[in-house]
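# Examining the three-dimensional arrangement
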Amino acid sequence: MKKKFILLLVFNFSLLIAPVFAEYSKLNIPDSADIRQQLVEPWFEASYEEITFKHPEFLSNDGGQKFKVFLEEDDSSYHVFVAAGKLMNVNVLSGEGFTKAEQYVYPGNLPGTWVLIKDKKTNKPIRIRYFFASDSDVYVQFSPNGKTALADLVIFGNYAAKGVSTGVPFSTFYTASIDDVIKLTQRSLPWKYVLINPALYNGVISMSSKIQSSLSNIVYAEDAIYNEKGELVQLTDGKEFAAGADSDENGKLYLSSQGFVKWIADGIVYPLSGSYLKREPLVEYTTDFKDIGYQGVLSQKYSLYLSLDWVRNLASAVVSVYTGREYRYFNSGVDVTLNPFAASVLTYDDGDPRRGISNTVTFIKDTGYNTKVLKSLLYLLAATEPDTFYFGAIREIDTSIEPEMKVFNKCVAFLPYFNQNKEFECSVFIDGRMITLEDFCFIYKNDFVYLTKVRSSFNFNPY
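Before going into details, it helps to say that this report is about the structure given with it.

Analysis parameters
- Residues numbered from 1 in each chain as written.
- Predicted model: local features only at pLDDT ≥ 70, side-chain atom pairs only at ≥ 80, totals over all residues.
- Heavy atoms only, no water.
- Salt bridge = Lys/Arg side-chain N within 4 Å of Asp/Glu carboxyl O.
- Helix = DSSP H or I, 4+ residues; strand = E, 2+ residues; numbered from the N terminus.
- Buried < 20%, exposed > 50% of the residue type's maximum accessible area, 1.4 Å probe, protein only.
- Phe/Tyr/Trp six-rings, centres within 6.5 Å; stacked < 30°, edge-to-face > 60°.
- Lys NZ or Arg CZ within 6 Å of the ring centre and 35° of its normal.
- Axes fitted to C-alpha atoms, helices over the stretch in contact; angles between N-to-C directions.
- Parallel < 35°, antiparallel > 145°, perpendicular 65-115°, else oblique.
- Left-handed = near helix turned anticlockwise from the far one by under 90°.
- Contact = heavy atoms within 4.5 Å.
- Nonpolar A, V, L, I, M, F, W, Y, C, P; charged D, E, K, R; others polar.
- Pairing = 2+ DSSP bridges.

## Section: the pattern of salt bridges
- Counting across every chain of the model gives 11 salt bridges.
- For Arg312, the salt bridge identified is with Asp366, shortest N-O distance 2.7 Å. With Arg312 in helix α11 (residues 306-323) and Asp366 in the loop between β17 (363-364) and β18 (368-370), this pair connects stretches of sequence that are 54 residues apart. By the burial criterion, Arg312 is buried, and Asp366 matches it.
- We note a salt bridge from Lys453 to Glu385, for which the minimum N-O separation is 3.5 Å. Taken together, the residues Lys453 in strand β23 (residues 448-455) and Glu385 in the loop between α12 (374-384) and β19 (388-398) connect sequence positions 68 residues apart.
- The class of Lys453 is partly exposed, set by a relative accessible area of 25%.

## Let's talk about unusual backbone geometry
- One non-glycine residue with positive phi stands out, namely Phe156, at about 50°.
- Looking at the secondary structure, you find Phe156 in the loop between β9 (148-155) and β10 (158-165).
- Residue Phe156 is classed as buried on the basis of its relative accessible area of 16%.
- For Asp366, which is not a glycine, the phi torsion comes out positive at approximately 60°.

## Quick notes on the packing of aromatic side chains
- In total, this model carries 28 aromatic pairs according to the counting rule given.
- Between Phe156 and Tyr379, the ring centres sit 5.5 Å apart and the planes meet at 75°, which makes this aromatic pair edge-to-face. Here Phe156, found in the loop between β9 and β10, pairs with Tyr379, found in helix α12; they are 223 residues apart in sequence, far enough to count as distant. For the pair Phe156 and Tyr379, one class covers both residues: buried.
- By the ring-pair criterion, three or more aromatic residues cluster together here, those being Phe156, Tyr201, Tyr379, Phe418 and Phe424.
- Its end group placed over the ring of Tyr104, Lys66 keeps NZ or CZ at 5.5 Å from the ring centre.
- We note Lys68 situated over the ring of Phe70; from NZ or CZ to the ring centre the distance is 4.9 Å.

## Overview of the packing of helix α7 (residues 202-214) against helix α9 (residues 257-273)
- Where α7 meets α9, the closest approach of the two axes is 12 Å, and the angle between their N-to-C directions is 125°. The angle between α7 and α9 falls in the class oblique. Here α7 runs over α9; the crossing is right-handed. Residue-level contacts link Met207, Ile211 and Ser214 of α7 to Phe260, Trp263, Ile264 and Ile268 of α9.
- When its residues are assigned to classes, the contact of α7 with α9 shows 6 nonpolar, 1 polar and no charged.

## Re the pairing of β9
- Counting buried positions along β9 yields 7 of 8 residues, so the element is predominantly enclosed.
- Across 8 bridges, the pairing between strand β8 (residues 138-145) and β9 is antiparallel. When the sheet's bridge partners are listed, Pro144 is paired in β9 with Ala149.
- Where β8 hands over to β9, the hairpin turn is made up of 2 residues, of which Gly146 adopts a positive phi near 70°.
- Here 5 bridges tie β9 to β10, and the two strands are oriented antiparallel to one another. Along β10, the bridge assignment pairs Leu150 with Ser165.
- Linkage of β9 to β10, two consecutive antiparallel strands, is achieved through a turn of 2 residues, within which Phe156 is found at a positive phi near 50°.

In structure tokens form, the structure reads like this:
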């Protein structure tokens, strides 16, 4: 009798908690699928004229999660939102002035929000968009194509997948949950690029914190690096650097662009090997241009690929120390050569008067990536290779000579990760300072960055 009673109790308890679990999807975000089943005829299939004067509706799903249904429009289209709500402290104006109060807000891009976009003139649907990530510029969307729907996966304005056939009618997505969406597209969309586990980035976060705490002791100095003995020397020839004695006296570190990223690498290497990296292997050539070519002729006179060679050899040296085997660049596997994007979203901000879609060539051999795809690329790299950071060589164009010259002069380090709220962050370190990823992409908006990858370390201990 006891066993039957316990089983009955468990069964009844499961019935009680099932609606609570229905509040969230497997991604642990609010889901409006049950709400949308009630909205197909009055909102989704209705014409613009029928809903233009509708008042917003506030509805709750089976688990009590609040959503707001409302209309927004632009010149040519209108958007029907089923927007997830979030309880926040807001300023409320009353007779006594502004006071703080908890209220639900519905900004229209929180995880769990669903949007239908339709054409004003024809009332035909254009697309349905699901917001599922903490970063609202990462989303999945569907557009009608004959009897079925096509799917896109977008990461910060770049398409990780575009126009992928779903094999189901567009109307399916009027009521499909985000779990349904993932199940329908699990083999056709690269979900691994956007599914996040924030517990996997402790090494990168720790390294970023330690680098930041040391920046006040770093002075940028052209051509300055520390050799394997910790002596300040010239990058170009390995001879003693003029400020060496002064650096010992004032406790400052004098570092060039290349010296700064070497300092980061040495912070990984020293705790493992008891010494710093040697200069000579880091300046070995990694490119092979024909002497008769323009770049080949110039490279005999100028050091055009110094930073490219440097970050390739630097990452290879760290891999060698990690594994206990000697790797040269050509067999180290440190290059990042992904071509993950099918196209990019064009906006007026791109300096192009057109709006729409452009094809994207992501990776170029011995050149790297245009900075326009860098944020999207680092996002998916952080998702697929957690606790990895990246050395970058920046290829700039010197227009002061004719014809112009393409030169790898500077180095940079990118430490991408997701915080506990699953929001994407990236620490960018260059020339002895830290800047935002947005600032970096703006400063070098017409340039390219070549990336090499390195596993982060909890034992990171920079000198």
